[in-house]
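Structure assessment
Given next are the chains, with one letter for each unit.
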Amino acid sequence: MTPSMPTKEEIDRDVEAEVAAAVKSRADLMEMAYVLESEAADRYAELADQMEVHNNHEVAEVFAKMAAIEGEHAKKVDLRPSEGPKRAPWEYRWIGFEAPETTPSEDLHYLMTPHHALILAKVNEQRAEAFYRVVARLAPTQEVRDLAAEMAEEEREHVELVVKWLEKYPEPEVGWDDDPDPPNALD
Ligand code: ZN
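From a predicted model like this one, the values you see are computed outputs, not experimental measurements.

What follows covers the overall build of the chain. On a plain count of helices and strands, the chain comes out with five helices and zero strands. When the helices and strands of the chain are listed from N to C terminus, the series reads α-α-α-α-α. Across the chain, every contact between residues at least 6 apart in sequence was considered, and the portion connecting residues at least 24 apart equals 80%. As displayed, the chain offers around 11200 Å² of accessible surface, 54% of which is attributable to carbon and sulfur atoms.

Structure representation (structure tokens):
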């Protein structure tokens, strides 16, 4: 007899259980938050550099701002840097394959507008918020649940910030990715 495939709800429940199991103590949460926030800061800084390379200063500035925000966030997490995270990020039980706040660079288009950059940032901030919300719901102690809820709130503020920036940069017109002189064009 073939076992039936798990439903999406069952998979979500499994992932949630894994996240909850990985964050048992305050130290676990701090460690994970430190990696999560500093990774986000690094990735945003990297994206800012990439956009500079493509002479897209407007988008570079958006990512540089995000890098600064996440860098501040990482600093607020009271894990002494000398201790450093005990485990590498890929050993964590993340939701999905990437750290919740990591923006996959495959999603970048070299002509990407600030609007697209902000959509990416929004998705990643939402994922970070969702991660902390899961911990806030399922962590074994009240202390960890409260702390995670606080962090989820901060991520929600980041989402709001990005949403505000999005108002300034509405969806560009069709053809935003048309390049009259594409980099791979043959002469
Ligand atoms: Zn954030």
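This part is about helix α2 (residues 26–53). The terminal C-alpha atoms of α2 lie 40 Å apart, and with 28 residues this matches the ideal 40 Å at 1.5 Å per residue to within 8%. N55 sits one or two residues past α2 and shows a positive phi near 60°.

Overall, the predicted model of the chain reaches an average pLDDT of 74, with 69% of residues at or above 70. Confidence, expressed as mean pLDDT per element, reaches its minimum in the chain at helix α1 (residues 8–22) with 71 and its maximum at helix α5 (residues 142–168) with 91. Scored below 50 in pLDDT, residues 88–100 makes 32 contacts in the model with residues more than four places away or belonging to other chains.

This paragraph deals with the packing of α2 against α5. At a minimum axis distance of 9 Å, the contact between α2 and α5 shows a crossing angle of 20°. Comparing the axis directions of α2 and α5 gives the class roughly parallel. Crossing hand, α2 versus α5: right-handed. Residues R26, L29, M30, A33 and E37 of α2 touch α5, and the partners they reach there are E143, V144, L147, A148, M151 and E155.

Counting 20 residues, the largest nonpolar core has V23, L29, F131, Y132, V135, V144 and M151 as the members making the most contacts within it. Those elements giving two or more residues to this core turn out to be α1, α2, α4 (114–138) and α5. For this core, the leading source of residues is α4, giving six residues. Grouped together as the second largest cluster of nonpolar side chains are 18 residues, L47, A48, M51 and W165 included.

Here is what the cut-offs are and how they apply
Residues numbered from 1 in each chain as written. Predicted model: local features only at pLDDT ≥ 70, side-chain atom pairs only at ≥ 80, totals over all residues. Heavy atoms only, no water. Helix = DSSP H or I, 4+ residues; strand = E, 2+ residues; numbered from the N terminus. Contact = heavy atoms within 4.5 Å. Areas by Shrake-Rupley, 256 points an atom, 1.4 Å probe, with all protein chains shown as cover. Expected span 1.5 Å × (residues − 1). pLDDT = per-residue confidence, 0-100. Axes fitted to C-alpha atoms, helices over the stretch in contact; angles between N-to-C directions. Parallel < 35°, antiparallel > 145°, perpendicular 65-115°, else oblique. Left-handed = near helix turned anticlockwise from the far one by under 90°. Core = buried A, V, L, I, M, F, W, Y, C linked by side-chain atoms within 4.5 Å. Buried < 20%, exposed > 50% of the residue type's maximum accessible area, 1.4 Å probe, protein only.

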